[in-house]
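Okay, here's what each chain looks like letter by letter:
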Amino acid sequence: MTEPRLIEISPVTRVEGHGKVTIHLDRDNNVDEARLHIVEFRGFERFIRGRLLWEVPVIVQRLCGICPVSHHLAAAKAMDQIVGVDQLPPTAEKMRRLMHYGQVMQSHVLHFFHLSAPDLLFGFGAPAEKRNIFEVLKEKPELGRRAVMMRKFGQEIIEATAGKKIHGTGAIPGGINRNLPITVRDRFLAQIDEMQDWALDALALARDYTLEHAELVQDFGAFPSSHMSLVRAGDGAMDLYHGVMRAVDPEGRTLIDDLNYNGYYTVLTEDVRSWSYMKFPFIHDLGPSEGWYRVGPLSRMNTASFIDTPLANRAHGELRGTTNGLPNQTTLTTHWARMIEVLHCVEKIRELLHDPDLQGSDLVAKGDRRSEGVGVIEAPRGNLIHHYKVDENDQVTYCNLIVSTTHNNEGMNRAVKDVAVKHLSGQEKITEGMLNHIEVAIRAYDPCLSCATHALGQMPLQVELFDAHGDLVDKAAQSA
Amino acid sequence: MSLGRAVLIGYGNPGRGDDGLGPAFARRIAGKQLTGLTVEVDFQLTADHALTIAQHDLVIFADAMMACENDFLFRELTDSTPQGLGSHSVTPEAALSLSWLLFQSRPRAFVLGIAGDHFGDICEGLSPRAADNLDRAETFFAGWYEKSCHMPES
């Protein structure tokens, strides 16, 4: 019998930002508690106070270098309401949608090919020196090339619609500041068939992995939960840019439906826990223990009635069929869902490129000024809420953001606990491969834990062991 | 040495204090319009920079540097096998390796790390030390580039 131990994995590698996992083992080496900690306080909501409403959609992009477009668009949608605009001109809405589909596509591609592929191809327990993208590329260089070219396509769409790859200015309160020239449209159209073929191949890869590893998928980080996302008003179609809030319980029963997202705070409450800077949102009528939910690609598959593009819709039907239409609760199926969304984005991009509204000149609408606005979007990682109040000098006085990773906080902690109990309990020696199982569960959610600095000299992964008295008894580091 | 097609990639988050050193440096150098040098500013180094790297003969990565006593460090990248890759943590070595693995291109590459003090908090602007180091790095690099650019083939 050994003393209870505390194992820390800090920071978690290959996720957005930094996190730390602590695993408490009891005297019999069984997992007593496992938690995902957020080690940095963002403080962005304070930073944004006093800023002029016109600059907010640009400044908020500094929250994250990976999904700045999501923050850009969510903030712009909130500011639309503040400048009194409830309906954008068609050119503005379609340009913003094009920007968003480009963003979701390139974000998902990066995650699947470069971050998750090593785990999926070589196994979660493979040696660290094998389990990395460089080894994948040695065996499958074409995968890596496609990922880069698909990323490039998505980023060029962002550049064409937002003005720049980073810190774009395209979406402005009430509209957009550019349309899409015919020459640029034709450049994208020339590539769209290839993008669709590659998206179909990636979808097949993720689908086949999920079905061929059914036993692992069913057992790994699988637990019942509710799911929440936007869906299109009226018919419940998946809609990544705009819609109404819908939540379903673990049996697929509707908890929230057709809710105008301006009233998000009437159904959601954010819980605070002493050991994490990140809040824990829940549906307040159900309370924190029953009301927590997940968001993201798999949740969108669970909440949406259908997908309004034919190829993605067919794939959606197949995914839903694996659980007979009930919500899919398996963490690893998120990869399949993510690739369905890549295909959906490519289909939507094609549809938009053929729409002459993208060359329209009516770019901005005007309305009567309001003091408050809420913008909600389905970001790559899930639902993203921006809420602002602005004073008579156009300065922000209040800001509340609920990012996808915050929505998923409870779900990620449950996944960590589930995997820790199944794969670490009873083991006398914790290997790097076992610890990677924990990280695989976290990575499936593609969390953006914080948008920390990324300067040279950053610390690699650290593992620390503490005894029952809280004293550090062992310390190890591994390459990120 | 003939530099051929050269690209400077300055990256970092200007909303995180001295993490903005890379972009600040890139913008300074872009303003000088050095012959044959393309300048890119980005939030961070990502896997798709491999394509940009592959399309050039010389690459300079400019980033902020933490916990460094020197004002700045400038070194040539040598062959190495990076262990991993993250969307927020692609190293210059990893990006260079990807360029080789994906596009069979391995240009000469240098890293310029500029020392800063103030990282992590959400704030704009550089600390006094970072601003001084930025000036020194700019002077050094402009001189190095001009000298290298006009050096005859060896």
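**Description of the overall build of chain A**
Consideration 1: Helix and strand counts for chain A stand at 16 helices and 16 strands.
Consideration 2: Residue burial in chain A is summarised as follows: out of 480 residues, 53% are buried.
Consideration 3: Sequence-distant contacts, at least 24 apart, represent 70% of the contacts inside chain A between residues at least 6 apart.

**Details of the confidence of the model for chain B**
Consideration 1: Looking at chain B, the pLDDT average stands at 85 and 86% of residues meet or exceed 70.
Consideration 2: On the interface metric, ipTM, the complex scores 0.78, and its pTM is 0.87.

**Thoughts on the pairing of strand E2 (residues 37-42) of chain B**
Residue and element names in this part refer to chain B.
Consideration 1: Summarising the sheet, strand E1 (residues 6-11) and E2 pair through six bridges and their orientation is parallel. Bridge pairing in E2 places Leu8 opposite Val39.
Consideration 2: What joins E1 to E2 is helix H1 (residues 21-32), and the crossover it makes is right-handed.

**A short note on the environment of Glu439(A)**
All names here are of chain A.
Consideration 1: Structurally, Glu439 can be placed in helix H16 (residues 432-443).
Consideration 2: Residue class for Glu439 comes out buried when judged on the 21 C-beta atoms lying within 10 Å of it.
Consideration 3: Considered as a pair, Glu439 and Val416 are 23 residues apart in the sequence and their alpha carbons are 8.0 Å apart.

**Some thoughts on the domain arrangement of chain A**
Consideration 1: By the assigned domains, chain A splits into domain 1 (5-40 + 416-478) and domain 2 (224-329).
Consideration 2: A per-class count over the side of domain 1 of chain A that touches domain 2 of chain A returns two nonpolar, one polar and one charged.

**Side note on the sheet that holds strand E3 (residues 58-65) of chain B**
All names here are of chain B.
Consideration 1: Sheet architecture is open: five strands sit in the order E2-E1-E3-E5-E4, paired in mixed fashion. Of all strands in the sheet, those with a lone pairing partner are E2 and strand E4 (72-76), marking the two edges. For this sheet the average axis-to-axis angle between neighbouring strands, irrespective of direction, equals 15°.
Consideration 2: Bridge count for E3 against strand E5 (residues 108-115) is eight bridges, and the pairing is parallel. Each residue of the ladder has a partner; that of Ile60, found in E5, is Phe110.
Consideration 3: Against the sheet, H1 makes contact with E1, E2, E3 and E5, and its axis sits at roughly 140° relative to E1, the strand it touches most.

**Focus: the confidence of the model for chain A**
All names here are of chain A.
Consideration 1: When the pLDDT values of chain A are averaged, the result is 86; 87% of them are 70 or greater.
Consideration 2: Note on residues 9-17: pLDDT under 50 across the span, and 41 contacts to partners over four residues away in sequence or across chains.
Consideration 3: pLDDT under 50 marks residues 475-480. Its contacts with residues more than four places away, or in other chains, come to 18 contacts.

**Let's talk about the environment of Leu286(A)**
Residue and element names in this part refer to chain A.
Consideration 1: You can see Leu286 is positioned in the loop between strand E10 (280-283) and helix H10 (287-290).
Consideration 2: Classification of Leu286 by C-beta neighbours within 10 Å gives partly exposed; the count is 16.
Consideration 3: Taking C-alpha positions, Leu286 is 19 Å from Pro327, a pair spaced 41 residues apart along the chain.

**Quick notes on the sheet that holds strand E6 (residues 226-231) of chain A**
All names here are of chain A.
Consideration 1: If you walk across this open sheet you meet the four strands as E8-E7-E6-E11, and the pairing is mixed. Lying at the two open borders of the sheet, with one neighbouring strand each, are strand E8 (254-259) and strand E11 (293-294).
Consideration 2: Across two bridges, the pairing between E6 and E11 is parallel. Across the sheet, the residue bridging to His227 is Arg294, located in E11.

**Points about the packing of helix H3 (residues 68-82) of chain A against helix H4 (residues 90-122) of chain A**
All names here are of chain A.
Consideration 1: The geometry of H3 relative to H4 is characterised by a closest axis approach of 9 Å and an angle of 150° between their N-to-C directions. Between H3 and H4, the angle falls in the class roughly antiparallel. Helix-helix and strand crossings are classified by hand; for H3 and H4 the assignment is left-handed. Judged by residue contacts, Val69, Ser70 and Leu73 of H3 engage Arg96, Met99, His100 and Gln103 from H4.
Consideration 2: Taken together, the residues that form the contact of H3 with H4 break down as three nonpolar, three polar and one charged.

About the thresholds
Numbers given to residues run from 1 along each chain, matching the order in which its sequence is written. Chain labels run from A onward and ligand labels from 1 onward, assigned in the order the entries are written. Two thresholds apply to this predicted model, a pLDDT of at least 70 for residue-level local features and 80 or more for giving and counting side-chain atom pairs, whereas whole-chain, interface and lining totals are computed over all residues. By definition, any uninterrupted DSSP run of H or I lasting at least four residues is a helix, any uninterrupted run of E lasting at least two residues is a strand, and each is numbered from the N terminus. Burial is judged by counting other C-beta atoms within 10 Å of a residue's own C-beta: 20 or more means buried, 12 or fewer means exposed, and anything between counts as partly exposed, with every C-beta placed from the backbone. By the convention adopted here, residues are in contact when the distance between their C-beta atoms, placed from the backbone, does not exceed 7 Å. Along the chain, pLDDT gives the predictor's confidence residue by residue, from 0 to 100. We call two strands paired when DSSP finds no fewer than two bridges between them. Note on handedness: a crossover is taken as right-handed if, strands pointing away from the viewer, the path from the first strand over the helix to the second is clockwise. Reported domain spans reflect what an automatic or database domain assignment gives. Throughout, the ten residues Ala, Val, Leu, Ile, Met, Phe, Trp, Tyr, Cys and Pro are labelled nonpolar, Asp, Glu, Lys and Arg are labelled charged, and all others, Gly among them, are labelled polar. Angles shown run from 0 to 180 degrees and are taken between the N-to-C directions of axes, each axis being a line fitted to C-alpha atoms and, for helices, limited to the stretch in contact. With respect to orientation, any angle under 35 degrees is reported as roughly parallel, any angle over 145 as roughly antiparallel, any angle of 65 to 115 as roughly perpendicular, and every other angle as oblique. Rotating anticlockwise by less than a right angle from the far helix to the near helix defines a left-handed crossing, while the corresponding clockwise rotation defines a right-handed one.

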